[in-house]
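Letter by letter, the chains look like this.
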Amino acid sequence: GERARRLYANQEAIVHFGRAAELAGPEVVSPERRADIMLALADLHDLVGDYDEALRLYDAVRTEVPSDARGWRGAAASRRKRGEYDVAIALVDQAFSSSFVAGDQRALLWLEKGTTFSSEGRFTEAIETLEAGLASAGNENAAEPDACRPAPLERFAHKFARQVAERNVEDEEDGPDATRD
């Protein structure tokens, strides 16, 4: 499945990961490994636009391993892509309010919430959300400061999303007839 995914053979990868998910029952592999397989399959379904199947798999991961933010993020992202912005935001907020997702896993949720606001055209809220995510990255677990800081890629994604949102706010303020330098 991994090889097919790397080669962008999405349908072939779906078949292989689907078979792996069938074989990876709770008595065979750990819940975390099973979640990895199901998330890979869900991500592929999401990539090809099969959001119903992606959501089914993300929801299964959220049920089996509720502490894995990837299931929450994936479900919210699929909802966002379907235009269900309020549901996506509610999912992220539900993950934040639970005690399941903690530490550096929360960075994925801040990023998804900011992306959802930006996709909906709520650029000021997107900026505020991403700034809150960055601020919380250093404050969520003072006893273990490195455990809650986003990885470099996530920090870059936050910064990039914030810049895009800021540009969109500037465009919004300039009006539709404004031209860029």
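In this report, the structure presented in the accompanying data block is examined.

Rules and cut-offs
Residues numbered from 1 in each chain as written. Predicted model: local features only at pLDDT ≥ 70, side-chain atom pairs only at ≥ 80, totals over all residues. Heavy atoms only, no water. Core = buried A, V, L, I, M, F, W, Y, C linked by side-chain atoms within 4.5 Å. Buried < 20%, exposed > 50% of the residue type's maximum accessible area, 1.4 Å probe, protein only. Helix = DSSP H or I, 4+ residues; strand = E, 2+ residues; numbered from the N terminus. Contact = heavy atoms within 4.5 Å. Expected span 1.5 Å × (residues − 1). Polar contact = N/O pair within 3.5 Å; in protein donor to acceptor, adjacent residues only side chain to side chain. Axes fitted to C-alpha atoms, helices over the stretch in contact; angles between N-to-C directions. Parallel < 35°, antiparallel > 145°, perpendicular 65-115°, else oblique. Left-handed = near helix turned anticlockwise from the far one by under 90°. Nonpolar A, V, L, I, M, F, W, Y, C, P; charged D, E, K, R; others polar.

## Some thoughts on the nonpolar core
Here is step 1 of the chain: Membership of the largest hydrophobic core comes to 27 residues, with the highest contact counts inside it found for Tyr58, Trp72, Val101 and Leu109.
Here is step 2 of the chain: The element best represented in this core is helix α3 (residues 31-47), accounting for six residues.
Here is step 3 of the chain: Not counting the four nearest positions on each side in its chain, Val101 is found in contact with Pro66, Ser67, Ala69, Trp72, Ala95, Arg106 and Leu109.

## Details of the environment of Ala95
Here is step 1 of the chain: Within the secondary structure, Ala95 sits in helix α6 (residues 85-97).
Here is step 2 of the chain: Looking at Ala95, the relative accessible area reads 0%, which means it is buried.
Here is step 3 of the chain: Along the sequence, Ala95 and Ser67 sit 28 residues apart, while their C-alpha atoms lie 8.8 Å from each other.
Here is step 4 of the chain: Ala95 has contacts with Trp72, Val101, Arg106 and Leu109, leaving out every residue within four places of it along the chain.

## Looking at helix α5 (residues 69-81)
Here is step 1 of the chain: Taking 1.5 Å per residue as the helical rise, α5 with its 13 residues ought to reach 18 Å, and the 18 Å between its terminal C-alpha atoms agrees with that figure.
Here is step 2 of the chain: Listed as buried for α5 are Ala69, Gly71, Trp72, Gly74, Ala75, Ala76, Ala77, Ser78 and Arg80.
Here is step 3 of the chain: Just past α5, the residue Gly83 takes up positive phi, approximately 85°.

## Quick word on the side chain of Arg62
Here is step 1 of the chain: Here Arg62 is to be found in helix α4 (residues 51-64).
Here is step 2 of the chain: A polar atom in the side chain of Arg62 sits 2.9 Å from the side chain of Asp59.

## A look at the packing of α6 against helix α7 (residues 106-119)
Here is step 1 of the chain: One can describe the packing of α6 onto α7 by two numbers: an axis separation of 10 Å at closest approach and a directional angle of 160°. For the element pair α6 / α7, the angle class is roughly antiparallel. Both α6 and α7 take part in a crossing whose hand is left-handed. Between α6 and α7, the contacting residues are Tyr85, Ala88, Ile89, Val92, Asp93, Ala95 and Phe96 on the first element and Arg106, Leu109, Trp110, Glu112, Lys113, Thr116, Phe117 and Ser119 on the second.
Here is step 2 of the chain: Here the contact of α6 with α7 is composed, by residue class, of nine nonpolar, two polar and four charged.

## With respect to the environment of Asp68
Here is step 1 of the chain: Relative to the helices and strands, Asp68 is located in the loop between α4 and α5.
Here is step 2 of the chain: Excluding anything up to four places from it in sequence, Asp68 contacts Ala35, Leu39 and Gln105.
Here is step 3 of the chain: Only 2.6 Å separates the side chain of Asp68 from the side chain of Arg70, close enough to count as a polar contact.

None of this, on its own, says anything about what the molecule does.
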